[in-house]
Amino acid sequence: MASASYHISNLLEKMTSSDKDFRFMATNDLMTELQKDSIKLDDDSERKVVRMILKLLEDKNGEVQNLAVKCLGPLVSKVKEYQVETIVDTLCTNMLSDKEQLRDISSIGLKTVIGELPPASSGSALAASVCKKITGRLTSAIAKQEDVSVQLEALDIMADMLCRQGGLLVNFHPSILSCLLPQLTSPRLAVRKRTIMALGHLVMSCGNLVFIDLIEHLLTELGRNDNMSTTRTYIQCTAAISRQAGHRIGETDRGTIIPLVVKFCNVDDDELREYCIQAFESFVRRCPKEVYPHVPTIISICLRYLTYDPNYNFDDEDEDDNSLNFLSFCPGSDDEYSDDDDMSWKVRRAAAKCLDAVVSTRHEMLPEFYRSVSPALVCRFKEREENVKADVFHAYLSLLKQTRPAQSWLADPDAMEQGETPLTMLQSQVPMIVKALHKQLKEKSVKTRQCCFNMLTELVNVLPGALTQHIPVLIPGIIFSLNDKSSSSNLKIDALACLHVIMVTHPAHAFHAHVPALVPPVVACVGDPFYKITSEALLVTQQLVKVGLEPGSDSFDPSPYINDLFTCTIKRLKAADIDQEVKERAISCMGQIICNLGDRLPNELAGTLLIFLERLKNEITRLTTVKALTLIAGSPLKIDLRPVLPDAVPILASFLRKNQRALKLCTLAALDILSAVTPVMVDTVLAELSPLISESDMHVSQMALSFLSTLAVTHPSSLGQLSGGNILQQLIALVRSPLLQGGALAAMLDFYQALVATETPGLGYMDLLRMLTGPVYSQSAALPHKQAYCSIAKCVAALTRACPTEGPAVDVKNSRSTDSIRLLALLSLGEVGHHVDLSGQPELKTVILDAFSSSSEEVKSAASYALGSIAVGNLPEYLPFVLQEISSSKRQYLLLHSLKEIISSASVSGLKPYVESVWSLLLKHCECQEEGTRNVVAECLGKLTLIDPETLLPRLKGYLLSGSSYARSSVVTAVKFTISDQPQPIDPLLKNCIGDFLKTLEDPDLNVRRVALVTFNSAAHNKPSLIRDLLDSVLPQLYNETKVRKELIREVEMGPFKHTVDDGLDLRKAAFECMYTLLDSCLDRLDIFTFLNHVEDGLKDHYDIKMLTFLMLARLSSLCPSAVLQRLDRLVEPLRATCTTKVKANSVKQEFEKQDELKRSAMRAVVALLTIPEAEKSPLMSEFQSQISSNQELAAIFDSIQRDSSSANMESMDTS
């Protein structure tokens, strides 16, 4: 401590030296000291240091002054509050000094100090007192209009402070506003500009009254319209406020601003027009609701001024390059335009940017954009001013991005949208776009050509294959940029990337004619010294080989090009001192060349394969090399890989031990396809295989199993060693895993069938059966999970199908059998019966019906599954039996499950004859009291309707009029089972009548309304096109169900306690779930503000509904941030209430856990809201933030969620 202050006093002494170098070095050393965290200054040292630094700000030497200013930053955080006030006082006084240099340095100093203050949300007292001190001095400096430069600096600092610490100055906002408003009429334009900036920052944090004052002032002045110059300034100011706080304009302005601005657009003043259109752009982006009625007007204004070029005349008939004619003015006419003071390009640029904003924010108007905006933009690709042209291209790119079928319903093959969809309209405009671009591709301007390539790339991403007819027109333009000596590297990279995308998305034959022209420029690019160009060119080369030089393409002879392509690629493949990306792409490209043309390179093949072997040993390139070898091994040319296999296979086997998942998967795929391996090599691989077969990674297990199945065919002898080995134990363990399903289960079944077919000793039918079923029969313990029994049963059935001569050993009758043996036996019977007709077993029916009376629920459900599955194997024998049993028996629930299994799995043609009898039987049961039975009946009805929709759907519709609410709910649930996410023949019929089923949303019965919502949710999720056109009528009913109904809440007495029960809760939950689904599938059809009203109510509802609405808020923050921002203050309050609620001390543990989960969910919503730019500038939000940071528990939750979300973002970016 003492040594530090001694050292500092030494430095202070040197700072008074007359030698400027001494002063400079001493200040530099002080800066270093101040930046150390460990430094502590006593009061005396603080005072001396502050005084000395302030003195050095007036030093004669500029460099010393600069260093002194930099010292202020670290100094502010190291000294006590009253010293900071001294610094600020001195700086403010110096700002008003007569010396220009001192003024400049002091204003930089003030900015440094403001930048170092802790942010407003931290609630620091220091920041508040400093800002208040500065504000008073600044407002007086701004109001005195004597010296413009002082005024400019003061405005600059004021803007900076309002931006960083606006929330702390709430009491000063009225005085700040009254000192800023007069500056808008200042004679100096620079002062006006900075005033506008300061006002922009003020409106982010000011209270409502100040905001209303400001807007009213602007409207009054605009209404007066005294002179053109101030009107321009007021329009600019309006645009700036809308940009920074558009969400607030909506609440204060009642629709008067936009018509006013529209009126000024017609005034003949280019600058004013530019500002008006810029204002429109900010309204469109920031006040979506208020601007909605004016969008058509804004579009027509933009389209008018997009072509506004009074100095030039485009001859439309004349399509040659001389079509631009400068308007010749008669001598003597008052020459109102000369090319130098032509400002019209700024108006055009503003119009293009405004159209860009409209297109980006109004998804629902896409068809309209393709009718009016798209042709107008394409016509303006010929724009003569380069900056404007770039903006026109950018607006068109935005239009294409909106059309990208990311919205599932746009690309929906079943989207039964009548008439023109945006995609078909775009398709019809492709010739016009290509014609316009064709000219631009030969332009000298690099920027223009880059825009063209971006356009083409986006176009083929939206409409793959759209350019097939136009490739002959476009290829010369691309080659021109690749050969052009003046092209920049970026242009070449864009041209190559564009060419690559076009080749990937179009049919191969379209390029055959162009290979001769494409090969030389692409080969030249592969040899380019800049690695990014090389890397893109290698991708194109690989694609060229793939499309242009396919093996067996008769119409086209690739021989002249093989040598060039091979030579340029091998050169890059051999180079060791080259960029990683280039190495990898050279390997992939060479793999493609050998795969497609290996037979024409007999002399080079051996050498190239040896290079691959080297690359396989290198950790950095091994993954790419494994992929290339897989490609070569799968080539139809049957490339001989035997020379390298003895070395390669052991290396590949060693990769299976590595911790890199992608490497394991690719290696297994490679081994699976390498047919020329010898038994010795197989053994090295098998030794590594057993750890890969485990439930911890199902995909790796699946690949390992498929490799084993391949071995069973190619090297059956090698599987002999499995019988005692680890691999089989791992397999049996995997069969018992509850996670085994889908692809891995299918691979397991294939493997068992392949294995039993090899007839390896010790691995025959009975041996494998014993291994599979052994643990169940040993009666030591039941398997932990029912899924395991199903998997074993499937494997038993697969073995039985492979060896039909060996009958399955069935132990259902045996009275000594335990429940688990019965369970396995019944499931196995079902699986076998599904594929094999078991009607030859006379006792089967009685055995299964006996199992229906078992004491174990699992055995009962297995018996019902078995009966259904066996019936699928022989419908005429078993289906009538099941129907008869349902009519006569008491065990309807189980038998109906059997019937459901039959309807789900049997073939349509097999079921057709029985549809009528099954239908009438089901209808008898659809009014059953038992909800479980009704649900099974509904599922059967739904799946049966799919068999003959023309007849059965109208019948279903008829039962909507039934007097029984049970029947109505069964019918509506049945509709849910007719909707799937795949296209189906029933879809057009369903689309016509789903509206009738959804009318049950008005049903008097609660349960019917609930199932109607569940059906609606299923349609919105799986096939939005069914309900998109009905939303106008359905949404009011949906929103109606989100309200809490007092009449449905009742009190129940439980002993001494009273408990409230809300019968409407399930209904509300279903309604909010529908709302959540609509965000994903039908966002463009929702009025977001009405939607937000109901989300807001949900935030104050029951626990389950709060959890749903928190999720919705997070989703809305990313989907439509500007609308959420407009409602932010109303959304923050319920979030704050949730986070600050305390659970009663004597509550049960679950209550504490629930509250904890609610807090975490609410915090997730807060973190999502804070990702919206400007959200934290809201006074309520920043107050809530400081409340979170001051509460230890909330701060901990907040930090952990922020960490999680940032790491999730990183992962989503790193998709490799």
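Each chain has its residues counted from 1, running along the sequence as written. For a predicted model such as this one, the threshold for reporting local features is a pLDDT of at least 70, and the threshold for listing and counting side-chain atom pairs is 80 or more; totals across whole chains, interfaces and linings nevertheless cover every residue. As a rule here, side-chain values come from all non-hydrogen atoms in the structure, and water together with hydrogens is ignored.

Details of the overall build of the protein
Of the regular secondary structure elements, the protein holds 60 helices and 4 strands. Dimensions of the protein along its principal axes, counting C-alpha atoms only, are 115 × 95 × 85 Å. Sequence-distant contacts in the protein: of pairs separated by 6 or more residues, those separated by 24 or more amount to 73%. When charges are counted, Lys and Arg contribute as positive and Asp and Glu as negative, whereas His and the chain ends are disregarded. Charge placement uses NZ in Lys and CZ in Arg. For Asp and Glu, CG and CD serve respectively. Here the protein contributes 124 positively and 148 negatively charged side chains, and the mean placements of these two sets differ by 3 Å. What counts as a helix is a DSSP run of H or I of at least four residues, what counts as a strand is a run of E of at least two, and both are numbered from the N terminus. What makes two residues a contact is simply this: any of their non-hydrogen atoms within 4.5 Å.

Section: the UniProt feature "domain: TATA-binding protein interacting (TIP20)" (unreviewed entry) in the protein
UniProt positions are given in the numbering used here, feature names are shortened, and annotations may be inferred rather than shown by experiment. Under the UniProt annotation, the feature "domain: TATA-binding protein interacting (TIP20)" (unreviewed entry) is placed at residues 1026-1188. Annotated as 65% helix and 7% strand, the span residues 1026-1188 places its first and last C-alpha atoms 45 Å apart.

A closer look at the pattern of salt bridges
Salt bridge, as used here: a side-chain nitrogen of Lys or Arg that lies within 4 Å of a carboxyl oxygen of Asp or Glu. The tally for this structure, following the rule as stated, stands at 51 salt bridges. Notably, a salt bridge pairs Lys 133 with Glu 85, separated by 3.9 Å at the nearest N-O pair. Of this pair, Lys 133 sits in helix α7 (residues 125-143) while Glu 85 is found in helix α5 (residues 81-95), placing the two residues 48 residues apart along the sequence. Buried means the residue's accessible area, taken with a 1.4 Å probe over protein chains only, is under 20% of the maximum for its type, while exposed means over 50%, and partly exposed covers the values in between. Its relative accessible area of 30% is what places Lys 133 among the partly exposed residues. For Glu 85, a relative accessible area of 23% puts it in the partly exposed group. A salt bridge links Lys 1069 to Asp 1104; the nearest nitrogen and oxygen atoms lie 3.4 Å apart. Note that Lys 1069 is positioned in helix α53 (residues 1065-1081) and Asp 1104 in helix α55 (residues 1103-1119), a separation of 35 residues in sequence. Overall, Asp 1104 belongs to the partly exposed group, its relative accessible area being 27%.

Some remarks on the confidence of the model for the protein
Residue-level confidence of the predictor is what pLDDT reports, using numbers from 0 through 100. Residues with a pLDDT of 70 or more make up 91% of the protein, whose mean pLDDT is 82. By mean pLDDT, the top-scoring element of the protein is helix α16 (residues 295-306) (93), and the lowest-scoring one is helix α20 (residues 408-411) (42). Per-residue pLDDT stays below 50 along residues 317-337; that stretch engages in 26 contacts with residues further than four places along the chain or on separate chains. The low-confidence segment residues 810-815, where pLDDT is below 50, has 14 contacts with residues more than four positions distant or belonging to other chains.

Some words on the packing of aromatic side chains
Two rings belonging to Phe, Tyr or Trp (six-membered ring only in the last case) form a pair when the distance between their centres is within 6.5 Å. Interplanar angles under 30 degrees mark stacking, angles over 60 mark edge-to-face geometry, and anything in between is tilted. Within this structure, the stated rule accounts for 6 aromatic pairs. Geometrically, the ring pair formed by Tyr 305 and Tyr 308 is edge-to-face, given 5.6 Å between the ring centres and 80° between the ring planes. Neither residue differs from the other here; Tyr 305 and Tyr 308 are each classed as buried. With 5.5 Å between their ring centres and 70° between their planes, Phe 530 and Tyr 531 make a pair best called edge-to-face. Residue class for Phe 530 comes out partly exposed when judged on its relative accessible area of 30%. Ring-pair connections join several aromatic residues into one group, and the members of that group are Phe 381, Phe 393 and Tyr 396. Both a distance and an angle decide whether a charge sits over a ring: NZ of Lys or CZ of Arg must be within 6 Å of the ring centre and within 35 degrees of the ring normal. Lying over the aromatic face of Phe 264, Lys 263 brings its terminal NZ or CZ to 5.4 Å of the ring centre. Its guanidinium or amino end placed over the ring of Tyr 1103, Lys 1154 lies 5.0 Å from that ring's centre, counting from NZ or CZ.

Some remarks on the nonpolar core
For soluble globular proteins, the rule of thumb is that nonpolar side chains tend to be buried together. What makes a nonpolar core is a set of buried Ala, Val, Leu, Ile, Met, Phe, Trp, Tyr and Cys residues whose side-chain atoms join them at distances within 4.5 Å. Counting residues in each nonpolar core, the largest one holds 412 residues, and the members touching the most others are Phe 280, Tyr 396 and Ile 1027. Ignoring sequence-local partners within four residues, the contact set of Phe 280 consists of Ile 258, Val 261, Val 262, Cys 265, Ile 298, Ile 301 and Cys 354.

Regarding the state of the cysteines
What counts as a disulfide here is a pair of cysteine sulfur atoms lying within 2.5 Å. Summed over the entire model, instances satisfying the criterion amount to 0 disulfides. Free of any disulfide, Cys 287 has its nearest cysteine sulfur in Cys 354, 12 Å distant.

Considerations on the environment of Thr 468
Within the secondary structure layout, Thr 468 lies in the loop between α22 (446-462) and α23 (471-483). Here the alpha-carbon distance between Thr 468 and Leu 1031, two residues 563 residues apart in the chain, equals 38 Å. Each residue touching Thr 468, except ones within four places of it in the same chain, is listed here: His 506, Pro 507 and Ala 510. For Thr 468, the side chain forms a polar contact with the main-chain oxygen of Gly 465, separated by 2.7 Å. Whenever two N or O atoms come within 3.5 Å, that pair is a polar contact, provided that in protein one can donate a hydrogen and the other can accept it, and provided that, for residues adjacent in sequence, both atoms are side-chain atoms.

Focus: empty space enclosed by the protein
A 1.4 Å probe that fits into a set of points on a 1 Å grid over the protein atoms alone but cannot get out defines a cavity; an open set with protein on both sides within 12 Å along at least five of seven lines defines a pocket, and lining residues are those with an atom within 4 Å of a point. Grid points are joined across faces, edges and corners, and a volume is the space filled by probe spheres set on the points. Here the structure, examined in full by the defined rule, presents 7 cavities of 30 Å³ or more. Approximately 50 Å³ is the volume attributed to the largest cavity. If you trace the largest cavity, you find it lined by Ile 215, Leu 218, Leu 219, Leu 222, Thr 238, Ile 241, Ile 249 and Ile 257. Elements that contribute at least two residues to the lining of the largest cavity include exactly α11 (208-224) and α12 (228-252). Sort the elements by how many residues they give to the lining of the largest cavity and α11 lands first, with 4 residues. Broken down by class, the residue content of the lining of the largest cavity amounts to 7 nonpolar, 1 polar and no charged. The nonpolar class holds Ala, Val, Leu, Ile, Met, Phe, Trp, Tyr, Cys and Pro. Asp, Glu, Lys and Arg form the charged class, and all remaining residues, Gly among them, are polar.

Some words on the packing of helix α17 (residues 344-361) against helix α18 (residues 366-379)
Note on geometry: axes are C-alpha line fits, over the in-contact stretch for helices, and angles between N-to-C directions span 0 to 180 degrees. Viewed as axis vectors pointing N to C, α17 and α18 meet at an angle of 150°, and their least axial separation amounts to 12 Å. Note that α17 runs across α18; the crossing there is left-handed. Packed against α17, whose contacting residues are Leu 355, Val 358 and Val 359, the element α18 presents Phe 369, Val 373 and Leu 377 at the interface. Per-class residue counts for the contact of α17 with α18 are 6 nonpolar, no polar and no charged. A clockwise turn of the near helix away from the far one marks a right-handed crossing, whereas an anticlockwise turn of less than a right angle marks a left-handed crossing.

So, helix α37 (residues 742-757)
The span expected for a helix works out to 1.5 Å for each residue beyond the first. Helix length check: α37, at 16 residues, gives a terminal C-alpha distance of 23 Å against a target of 22 Å (1.5 Å per residue), a fit within 8%. Glu 759 sits one or two residues past α37 and shows a positive phi near 55°.

Thoughts on helix α34 (residues 679-689)
For α34, the full list of buried residues reads Met 681, Val 682, Val 685, Leu 686, Glu 688 and Leu 689. Looking down the long axis of α34, one finds its buried residues gathered within 160° of arc, a one-sided arrangement. For α34, exposure combined with an orientation more than 90 degrees from the buried face picks out Val 680 and Ala 687. Along its buried surface, α34 packs onto α32 (645-655), α33 (661-673), α35 (698-714) and α36 (726-735). What the arc measures is the spread of directions leading from the helix axis to the C-beta atoms.

Side note on the pairing of strand β3 (residues 1049-1054)
Alignment of β3 against strand β4 (residues 1057-1062), held across 6 bridges, turns out to be antiparallel. Paired with Glu 1051 across the two strands is Thr 1060, which belongs to β4. DSSP calls a pair of strands paired once it identifies at least 2 bridges connecting them. Counted between consecutive antiparallel strands, the loop separating β3 from β4 contains 2 residues, among which Gly 1055 sits at a positive phi close to 60°.

Quick word on unusual backbone geometry
Within the chain, Lys 638 stands out as a residue other than glycine whose phi angle is a positive 50°. Mapped onto the secondary structure, Lys 638 falls in the loop between α31 (622-633) and α32. Residue classification places Lys 638 among the exposed positions, given a relative accessible area of 69%.

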